[in-house]
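What follows is each chain in one-letter form.
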There are 4 protein chains.
Amino acid sequence: MTLPRYAYLGPSGTFTEAALRAMVDVDEVEMVPAIDVLSALASVRAGDVDFAVVAIENTVEGGVTATLDTLATGAPLVILGEVVLPVSFELVARPGTTVGSIGAVAAHSHGLAQCRRWLAEHVPGAVQVAATSNAAAAGELAEGVAGFDAALAPPGLGARLGLEVLAAGVADNPHSATRFVKVGRPTAVPHATGADKTTLVVHLPDDRAGALLAMLEQFAARGVNLSRIESRPRSDRPGEYSFSVDALGHIDEPRVAEALVGLKRTNPVVVFLGSYPAASGYPTPVTPGTSEEEFAEARTWVQGLRSGRH
Amino acid sequence: MTLPRYAYLGPSGTFTEAALRAMVDVDEVEMVPAIDVLSALASVRAGDVDFAVVAIENTVEGGVTATLDTLATGAPLVILGEVVLPVSFELVARPGTTVGSIGAVAAHSHGLAQCRRWLAEHVPGAVQVAATSNAAAAGELAEGVAGFDAALAPPGLGARLGLEVLAAGVADNPHSATRFVKVGRPTAVPHATGADKTTLVVHLPDDRAGALLAMLEQFAARGVNLSRIESRPRSDRPGEYSFSVDALGHIDEPRVAEALVGLKRTNPVVVFLGSYPAASGYPTPVTPGTSEEEFAEARTWVQGLRSGRH
Amino acid sequence: MTLPRYAYLGPSGTFTEAALRAMVDVDEVEMVPAIDVLSALASVRAGDVDFAVVAIENTVEGGVTATLDTLATGAPLVILGEVVLPVSFELVARPGTTVGSIGAVAAHSHGLAQCRRWLAEHVPGAVQVAATSNAAAAGELAEGVAGFDAALAPPGLGARLGLEVLAAGVADNPHSATRFVKVGRPTAVPHATGADKTTLVVHLPDDRAGALLAMLEQFAARGVNLSRIESRPRSDRPGEYSFSVDALGHIDEPRVAEALVGLKRTNPVVVFLGSYPAASGYPTPVTPGTSEEEFAEARTWVQGLRSGRH
Amino acid sequence: MTLPRYAYLGPSGTFTEAALRAMVDVDEVEMVPAIDVLSALASVRAGDVDFAVVAIENTVEGGVTATLDTLATGAPLVILGEVVLPVSFELVARPGTTVGSIGAVAAHSHGLAQCRRWLAEHVPGAVQVAATSNAAAAGELAEGVAGFDAALAPPGLGARLGLEVLAAGVADNPHSATRFVKVGRPTAVPHATGADKTTLVVHLPDDRAGALLAMLEQFAARGVNLSRIESRPRSDRPGEYSFSVDALGHIDEPRVAEALVGLKRTNPVVVFLGSYPAASGYPTPVTPGTSEEEFAEARTWVQGLRSGRH
């Protein structure tokens, strides 16, 4: 039997790999490391893999804008699920190393930046060494070829490499988190769970004041909340913008479907990037007048009016 | 064969009768004068007549708020058509009378008010006599029992009574006009003509700032224009208001149907008072993205997305 | 000493006279009856009187649209106060008359319409006679020249004429009320009381969808509520509309002043018709972020930012 | 004389350094490399440097969210200017190297990602080596200690290091660009130029539907356009969002000042991050009714109304 193939930002040991592990049973999939987000998504489009897992928000590994922009253009892709991981490192070293003996610590520069205050407090004298990736730093330690004594590594990587975890939960901002999504080629949308997100890209009709407001009114008129909105400069039309948004709800819900109909009618480009279970699991807040039943009742009422039933 | 019965604000000779004559072939209907708008509408509700013709906007005969409020409450009624008549009188008198010999001129006080400047200019010395109705004044002239020499009468009445028309098109404001509607019991809505109006009454969810704005956004999100809006104090809840609106378009058009669905979902009371041909005959302006085809295309698009067709 | 002169819709005995009496001490003013609303307002403009009291909403005496339209155009006038009176009649007759003996009852046709159900219940057999005005009917009774036995009269008129009041509080709808305003030539605006209204007329920039919404957003952005809105066909440009609105609040309050600035900037015509104490006396609801103090603080903050104080 | 000190993301040779060079005459400033964006901004707050230049949008060097989040919290900082640089590399090597002889090419992984297609086409057989930074790769080449033959470097760096530029304008997407800002401690705002931006962070009052819409209406009601909007998860309140926006215009313009007053009144937190000349130099579009003169006229009008001048 062929296992489903998942591309992810490699090498082994990245946060993206951790996200993939959080999403699937690794024994049931084939993991395919990719050199960057573009390659990962391209391999889905090409059919070389079935899915990709990529960071989409607030990452320490870069690539978020690449993810947004690559999803927004080209052959259709859809988001099938998401996971949110805290940005938290483990301080790892070869067995026998103590924190007090660390003279140099390595990580990708983004990782060092996320842990600067922690390092200043806990290993104050240590030199900080920028590595090409967090995984590379840990790997060199494991292989015994490192020019430093310890590394900051994504959770779990040290243990897999036979390193000792000297500290866990290392992060300057304990609330910092990264959001990853599972992306595939278009297929029937996953079932609504009652706690879903729908991701869209919208090009506004033109640059006039009020076009953004009108776009948001299409959501508001159906009581649909947004959990994310980002303007993105359009590479094809310098000076113009597209909007990447996450709406709370599922395309199978009439609230969301009607908002989509409204957006489609009134904007030159609307790209549907999927409806999928929200990582939070919190049920979508449904304001009065926007439930499936209320939509159905209102439609029945209008149908009745047309034939004289009031 | 039984002729359809039409109630109207009588007696014979009112502007409302002129509106009725403008709407139907009087040989094909039975005309039933009513003492006021409430009576006319009550007789439709009771089934005593089939239809009523009543003033709904800007009348010189009063009753507009009575029309709005009576339509808004009680057993359902619907508007089936409208006609707009200029507010313009004829100066009528017994044959042989000349303008120069008029010592007193009569009309309902509203009629006198509409023609004050004209009278001051053309029959400057004449005493103005308030009558119980314009038709009553003309009737007394015709019967030879009047204590005045001339009357202001709705167009056509003088001729029907055998009076002479000394001046036509009498009005201080040549643009003044009254709008009348034909009202019946609910039935299948008249076919859309492409130049239609839909009349509604809406109670807002509560008195909060923004509720009116949210109501109008339900129209705006579907590109539906309003041609009339009036707040009306609610007799059942003093201090609160309902809104009487005319929207351009027909309930069979998806723009209007969707706006109705949205209003119904988000407001405690929505009364549908009919979709009917606009008197102006001007085609409803359809902004880009709100045509029937664009709605259909957008719905097809959403349907496709659900099964993976992008 | 010269008393201030007040025009009102006469003759003596109208609801408008009752409104005037509710507003002023009649011993301190000179009351000048006018034949209609246009005449009353014209005499203010001409300086023949100091003030006029006219119905502006929901009247049984007609003239509301005349009031709105006459205020909206021509030499500036402002509203200086308002009063709301219940629409309620007294059944009056010559002394000695009993309800059971009434064979015919008279009133203006609007008055009869307001009391139809009451009459049907309490004087079921009586013939209803339309008079040229309620006051005229009562006057004929008092003079002993009436062809009917009783009349519906505004409260207080019967007593002044020496008639007997057979029933008070006569009205089909006990919540029905009429709103009257005191109008004068522009002067310094009356002081804010905390429970005020501001009346405006606005012409929208053009007939596009969204212009009405944009107008209301000028109010909403400052948290200003409307208590009345009415579209009025413009006599100078057929097919176009102006909007007559009452906003809660006073021009001396920054919320209202800023909304006025916004309206003035973005609409071709804005007519200010006055800020004046609301008849209800209910304090204007002030949503968070729209109090005078919050405006002042926000302005101070912006001023500080400009010079680097954060 | 002391030169102004500028922190930037070092080491020498980064795109951020190129941005700094594009903003100032390097002979007139002291350039202080920082290890990351947080350090650069922290050194401004601490007074160790006068200014920092940091990427704020669409960077290939990471740190954008760090920039947004660090500016939004902590001691006040303001943006004083911006520059937009194309994302474009030079292929550099030791003198004598030819494109055909390149066996391995190095760059930071983000740089490799931006040039993947170009490399596949022009140096198809070359191994791609991830370096800790673009500058580090070029530096190793210059020092003769590199384990690769060529590097992708920001424009100008190769020449400064004595390397040969084998190709310029290397980029897969010719429209890709990064936006950098100059940040300092609060001071008097730079003069308005007529082509300015104002950057803000806003926390909405709560998570209700419509709060985002209401925030945008504060801009729309004054005709202020946004050129960027991004929701940012709030680290202090998980599950809630703040909004980072760039508005077109300057705080000294009444349009923008009034929008700020409105935002301040109606949202719990508004952080002003500066008004500064827009890199584009395009004059701010000013919709009718929102010019400084129209604001002044409308204010004068309101002032006049208060004292009876209409």
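Residues numbered from 1 in each chain as written. Chains lettered and ligands numbered in written order. Predicted model: local features only at pLDDT ≥ 70, side-chain atom pairs only at ≥ 80, totals over all residues.

Student: Talk me through the overall build of chain A; I want residue IDs and the actual numbers.
Tutor: Secondary structure assignment for chain A yields 10 helices and 14 strands. Each principal axis of the C-alpha distribution contributes one length, and for chain A these read about 85 × 50 × 35 Å. Counting every position in chain A, which comprises 310 residues, the buried fraction comes to 52%. Partitioning the contacts of chain A with sequence separation of at least 6, the portion at a separation of at least 24 is 77%. (Helix = DSSP H or I, 4+ residues; strand = E, 2+ residues; numbered from the N terminus. Buried ≥ 20, exposed ≤ 12 C-beta atoms within 10 Å, placed from the backbone. Contact = placed C-beta atoms within 7 Å.)

Student: With reference to specific residues and values, describe the relation of the copies chain A and chain B.
Tutor: Rotating chain A by 180 degrees and translating it 0.0 Å along the rotation axis places it on chain B, where the RMSD comes to 0.0 Å. These values place the two chain copies in the arrangement generated by a two-fold rotation axis. Taken as a fraction of all interface residues of chain A, those also at the interface in chain B reach 100%, which identifies the copy contact as same-surface. (Least-squares fit on C-alpha atoms with pLDDT ≥ 70 in both.)

Student: Explain the interface of chain A and chain B to me, using residue names and the numbers behind them.
Tutor: Contact with chain A, which involves 32 residues of that partner, is made by 32 residues of chain B. Going through the elements one at a time, helix 8 (211-220), helix 9 (254-266) and helix 10 (292-306) of chain A are the ones with two or more residues in the side of chain A that touches chain B. The leading source of residues in the side of chain A that touches chain B is helix 10 of chain A, at 8 residues. Considering only residue class, the side of chain A that touches chain B consists of 16 nonpolar, 9 polar and 7 charged. (Nonpolar A, V, L, I, M, F, W, Y, C, P; charged D, E, K, R; others polar.)

Student: So what's going on with the interface of chain C and chain B? Which residues, and what values?
Tutor: Facing 35 residues of chain C, the contacting portion of chain B comprises 35 residues. Elements with a minimum of two residues in the side of chain C that touches chain B: helix 3 (64-72), helix 4 (109-114), strand 7 (127-131), helix 8 (211-220) and strand 12 (226-233) of chain C.

Student: Could you give an account of the packing of helix 2 (residues 37-46) of chain C against helix 3 of chain C, with specific residues and numbers?
Tutor: Residues and elements named next belong to chain C. Contact geometry for helix 2 and helix 3: axes closest at 9 Å, N-to-C directions at 25 degrees. With respect to their mutual orientation, helix 2 and helix 3 come out roughly parallel. Note that helix 2 runs across helix 3; the crossing there is right-handed. Residue-level inspection shows Val37, Leu38 and Leu41 of helix 2 in contact with helix 3, the latter providing Ala66, Thr67, Thr70 and Leu71. By residue class, the composition of the contact of helix 2 with helix 3 is 5 nonpolar, 2 polar and no charged. (Axes fitted to C-alpha atoms, helices over the stretch in contact; angles between N-to-C directions. Parallel < 35°, antiparallel > 145°, perpendicular 65-115°, else oblique. Left-handed = near helix turned anticlockwise from the far one by under 90°.)

Student: For the arrangement of the chains, give the residues involved together with the corresponding values.
Tutor: Taking C-alpha atoms only, the smallest gap left between chain A and chain C, which are not in contact, amounts to 10 Å. Of all C-alpha pairs spanning chain B and chain D, none lies closer than 9 Å, and the two are not in contact.

Student: Can you lay out the sheet that holds strand 2 (residues 30-34) of chain A for me, pointing to particular residues and giving the numbers?
Tutor: All names here are of chain A. The strand order across the open sheet formed by 5 strands is 2-1-3-10-4, and the pairing between neighbours is mixed. Pairing within the sheet leaves two strands with one partner each, and these edge strands are strand 2 and strand 4 (78-86). Each strand axis lies, on average, 30 degrees off the axis of its neighbour in the sheet, ignoring direction. Of the strand pairs in this sheet, strand 1 (residues 5-9) and strand 2 are connected by 5 bridges, and their pairing is parallel. The residue of strand 2 that forms the bridge with leucine 9 is alanine 34. Together, strand 1, strand 2, strand 3 (51-57), strand 4 and strand 10 (177-184) form the strand contacts of helix 1 (residues 15-23), whose direction differs from that of strand 4 by roughly 110 degrees. Contacting strand 1, strand 2, strand 3 and strand 10, helix 2 (residues 37-46) crosses the sheet at an angle of about 140 degrees to strand 3. (Pairing = 2+ DSSP bridges.)

Student: I'd like a description of the sheet that holds strand 9 (residues 164-170) of chain B, backed by residues and values.
Tutor: Picture the strands of a sheet paired through backbone hydrogen bonds; they go either parallel or antiparallel. Residues and elements named next belong to chain B. Within the open sheet, the 5 strands sit side by side as 7-6-8-5-9. Their pairing is mixed. Strand pairing shows two members of the sheet lacking a second neighbour, strand 7 (127-131) and strand 9, which therefore form its edges. With direction set aside, neighbouring strand axes in the sheet form an average angle of 25 degrees. Here strand 6 (residues 104-108) pairs with strand 7 via 5 bridges, running parallel. By the bridge assignment, valine 105 is partnered in strand 7 with glutamine 128. Those strands touched by helix 6 (residues 134-143) are strand 5 (89-93), strand 6, strand 7 and strand 8 (150-153), and its axis lies near 140 degrees from that of strand 8.

Student: Please set out the pairing of strand 1 of chain A residue by residue, giving values where relevant.
Tutor: All names here are of chain A. In terms of residue burial, strand 1 counts as a mostly covered element, since 4 of its 5 residues are buried. On the question of chirality, the crossover connecting strand 1 to the parallel strand 2 by way of helix 1 is right-handed. One ladder, built from 3 bridges, connects strand 1 with strand 3; its direction is parallel. By the bridge assignment, tyrosine 6 is partnered in strand 3 with phenylalanine 51. (Right-handed = clockwise from strand over helix to strand, strands pointing away.)

Student: Now, about helix 2 of chain A: what can you tell me, with residues and values included?
Tutor: Residue and element names in this part refer to chain A. Within helix 2 the residues assigned to the buried category are Val37, Leu38, Ala40, Leu41 and Val44. Down the axis of helix 2, the buried side of the element spans an arc of 165 degrees, and every buried residue falls inside it. One or two positions beyond helix 2, positive phi appears at glycine 47, with a value near 85 degrees. (Arc of directions from axis to C-beta.)

Student: Can you tell me about the domain arrangement of chain A, naming the residues and giving the values?
Tutor: Interface size is commonly expressed as the accessible area that is lost once the parts come together. Residues and elements named next belong to chain A. You can read the domains of chain A as domain 1 (1-87 + 176-187), domain 2 (89-170) and domain 3 (189-310). Relative placement of domain 1 and domain 3: their C-alpha centres are 25 Å apart. Per-element tally for the side of domain 1 that touches domain 3: the top contributor is strand 4, with 7 residues. Partitioning the side of domain 1 that touches domain 3 into residue classes produces 8 nonpolar, 1 polar and 3 charged. (Domains from an automatic or database assignment.)

Student: An account of helix 6 (residues 134-143) of chain A is needed here, citing residue identities and associated values.
Tutor: Residue and element names in this part refer to chain A. Most of helix 6 is tucked away: 7 of the 10 residues are buried. Buried within helix 6 we find Asn134, Ala135, Ala137, Ala138, Gly139, Leu141 and Ala142. Contacts made by the buried residues of helix 6 are with strand 5 (89-93), strand 6 (104-108), helix 4 (109-114), strand 7 (127-131), strand 8 (150-153) and helix 7 (157-160). Looking at the residues trailing helix 6, positive phi occurs at glycine 144, about 75 degrees.

Student: Requested: an account of the confidence of the model for chain A, with residues and values cited.
Tutor: In this model, chain A carries a mean pLDDT of 91, and residues with pLDDT of at least 70 account for 96%. Reported for the predicted complex are a pTM of 0.90 and an ipTM of 0.88. (pLDDT = per-residue confidence, 0-100.)

Student: Describe the pairing of strand 3 (residues 51-57) of chain C, with residues and values.
Tutor: Residue and element names in this part refer to chain C. Taken across its 7 residues, strand 3 has 7 buried, putting it largely inside the fold. By the bridge criterion, 6 bridges tie strand 3 to strand 10 (residues 177-184) in an arrangement that is antiparallel. When the sheet's bridge partners are listed, glutamate 57 is paired in strand 10 with arginine 179.

Student: Please give an account of the packing of helix 10 of chain A against helix 9 (residues 254-266) of chain B that cites residues and values.
Tutor: Relative orientation of the contacting elements helix 10 of chain A and helix 9 of chain B amounts to 125 degrees, with a least axis distance of 9 Å. With respect to each other, helix 10 of chain A and helix 9 of chain B are oriented oblique. Seen from above, helix 10 of chain A lies across helix 9 of chain B with right-handed handedness. Across the interface between the two elements, Glu294, Phe295, Ala298, Arg299, Trp301 and Val302 of chain A of helix 10 of chain A pack against Ala257, Leu260, Val261, Lys264 and Arg265 of chain B of helix 9 of chain B. Residues that form the contact of helix 10 of chain A with helix 9 of chain B fall into these classes: 7 nonpolar, no polar and 4 charged.

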